[in-house]
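Understanding the architecture of this molecule
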Amino acid sequence: MSGFIEIRGLQKVYRTDAGTVPALRGLDAEVEEGTFLGVMGQSGSGKSTLLAILGGLSHPTSGSLAIDGIDVYGLLGERLADFRREYIGFVFQAYNLVPYLTALENVMLPLAVKRLPGSVKRARADEVLRRVGLSGRAAHLPSQLSGGEQERVAIARALVNEPPLILADEPTGSLDSATADEVMALLQGLNDDGMTIVMVTHNPENRRFFDRTLVLRDGLVECELPACDIATPL
Amino acid sequence: MNLRSIAFSNLRRRKARAAFLVVGVLIGVATVVTLISLTSAMRVEAQDRMEDYGANILITPRTDELALSYGGVSLGGVAVTGRGLTEGDVRRIGTIPNKKNLAVVAPVLLGTVQVKGRPVLLMGARVKDEFRLKRWWKVDGRAPQSPGELVAGHDAARALDLQMGDTVRLQGRDFVLTGILEETGSQDDDLLLVDLAAAQRLLGKPGSVSLVEVAALCSGCPIDDIIAQLSTTLPVAKVTAMREVVQSRIHALDQLRTMSLVIAGVVLAIEALVVFVTMMGSVSERTREIGIFRALGFRRGHVTRLILIEALAASVLAGALGYLAGMATTYAVLPLVADDSAHIVWLLPVGLGALLISGAVGGLASLYPAVRASRLDPTEALRAL
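The present account deals with the structure reproduced in this document. (Residues numbered from 1 in each chain as written. Chains lettered and ligands numbered in written order. Predicted model: local features only at pLDDT ≥ 70, side-chain atom pairs only at ≥ 80, totals over all residues.)

1. Let's talk about the sheet that holds strand S10 (residues 220-225) of chain A
All names here are of chain A. How we decide: Two strands form a pair only when DSSP identifies at least two bridges running between them. Segments assigned H or I by DSSP are reported as helices when at least four residues long, segments assigned E as strands when at least two residues long, and all are numbered from the N terminus. In this analysis an axis means a line fitted to C-alpha atoms, helices contributing only their contacting stretch, and an angle means the value between N-to-C directions, from 0 to 180 degrees.
Here 6 strands make up an open sheet; going across it, the order is S6-S7-S8-S3-S9-S10 and the pairing mixed. Edge positions in the sheet fall to strand S6 (88-91) and S10, since each of these pairs with one other strand and no more. Pairs of neighbouring strands in the sheet enclose a mean axial angle of 20°, with direction left out of account. For strand S9 (residues 212-217) and S10, the ladder comprises 5 bridges, and the chain directions are antiparallel. Looking at S10, one finds that Leu214 is bridged to Glu224.

Structure, rendered in structure tokens:
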């Protein structure tokens, strides 16, 4: 294995009352460090499942995943949680901010369980909030922020631990186009600084920000742009 | 920012749920504290009242002869064989292991003296202790305060035609009558009471005592042990317990305490249920949030601790407030269930116990919800992925 992310034969089958639902059917992929990777595909194609597995949140039914040479699902016990904390920064579609914590406190969340002085944690959170342009909103609760601001807080939270990999699930899905462009520009800036980003999106407009774009269909990589084109809206 | 600050932020900003949890525990703790402090106050009052009943242990010289009196009718004089009791014996009573249970030790010397040509029963006693023991004694005048003063029983005063302030000559010594006992209907009506040392001089028995009356505090006191200890310490004496009185008092207090403990147990169980239901509701409500924590790298143990910190913080706060509320309730209720002599006892162990028990109940009752929260599947919790 030589890529930063190595995916081999990844399968995921959900078991429901109605039977089994295959979400991934032996997916293979390799991503170099510093890549801004877009993952597109229709609903049910397996994008979000792939992102959950990449983030160490959902065990694959079979196959393997290595990130930075680490066999992610070979990690035992709480080492997987530690891996998430140290290697992964999540940006969720619905922001997923904790409603009773301020913007600053939300950003500090990944540091909460680390043995660092409070002043260091705060300084780091202040720094990433400044980086996403929200220094003046640090004391505001999520309910007092706009959608774009909440997305920025979510990105700041993903950055605060300085993880090598950012996973973003439709970060612009509920934003207007201008705000979406701002968020994409922010992510591109992070990628320019060398961060690896994997982003799931439905929006073809976002393709222009990606280094590579995988198109999934029925749990497999159908093709990689521009080798194929997306003829129908996703 | 750490787990504690997250927990406190949640409690602070979700005031309604936190208040429900705190009030639920507070009511339980306040009820338990009220029961315990009321019981304690009533026990102290009961102990005080026990002394009102007089002695519950009688120490007399050991004799081989059978009693020649029945129902207050004497058929002969007091016959004492062997050595009588002395003040040295009285001092040794204060050395027994359970000496802290002895409320009053009252030595008495009995004898007869001639007054106006008539034989009269003379009682020599430590006047203060004797009056403390026989709280039903009511004196017209005042109790003797010096060796030259005496008090007469109701019938003795009438038979000898004594008036307050009279000088009474006993065996050639003058005593001033400072008080006359109101009628008691007992042998006390016939006696003259003087200071013990004075009686010893009058009767020519320096250092002697006829009997010792002992009042033991018996809220759970080991009366059999006390009797055994006194018998060992005073081998020349016969130690008799007025067992029925003692045991009925102990029984009443024990029943009260048992009832309080049962009620306290029920209340604590309800309190635990309140915490459990509240924390289960909280976990269900916060499923998504717990998913976020897990996605951000919180270990299961971190999530468990987070939930437990919240429950413990709320429970301990409720314990402190509940203790204060319980004591306030006791202040309000005590006058309704006890007489004016009862007073509230501030017990440090009850305060510490309130904090410990509320913390323990809160912690244990939220343990399952906390573990359940930690086991939530992050992807299902988030639903977004």
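2. Concerning the nonpolar core
Generally speaking, nonpolar side chains in soluble globular proteins are found buried as a group. Let me state the cut-off plainly: The nonpolar core is taken to be a set of buried Ala, Val, Leu, Ile, Met, Phe, Trp, Tyr and Cys residues joined by way of C-beta atoms within 7 Å. With C-beta atoms placed from the backbone, a residue is buried if 20 or more other C-beta atoms are within 10 Å of its own, exposed if 12 or fewer are, and partly exposed between those counts. Remark: residues whose backbone-derived C-beta atoms lie within 7 Å of one another are considered to be in contact.
Grouped together as the largest cluster of nonpolar side chains are 120 residues, with contacts concentrated most on Val107 and Ala156 of chain A together with Ala314 of chain B. With 14 residues, the single largest contributor to this core is helix H2 (residues 15-52) of chain B. The contact partners of Val107 of chain A, leaving out residues within four places of it in the chain, are Ala125, Val128, Leu129, Val153, Ala156, Arg157 and Val160 of chain A. Ranked by size, the runner-up nonpolar core spans 45 residues in total, among them Ile57, Ile59, Ala152 and Ala198 of chain B.

3. Some points on the sheet that holds strand S5 (residues 70-71) of chain A
All names here are of chain A. Strand order in the open sheet made by the 4 strands is S2-S1-S4-S5, with antiparallel pairing throughout. Looking along the sheet, the strands with just one partner apiece sit at the ends: strand S2 (19-31) and S5. In this structure, strand S4 (residues 62-67) lies alongside S5, joined through 2 bridges in antiparallel fashion. Bridge pairing links Ala66 to Asp71 in S5. Here helix H1 (residues 47-54) sits on the sheet in contact with strand S1 (5-16), S2 and S4, set at roughly 65° to S2.

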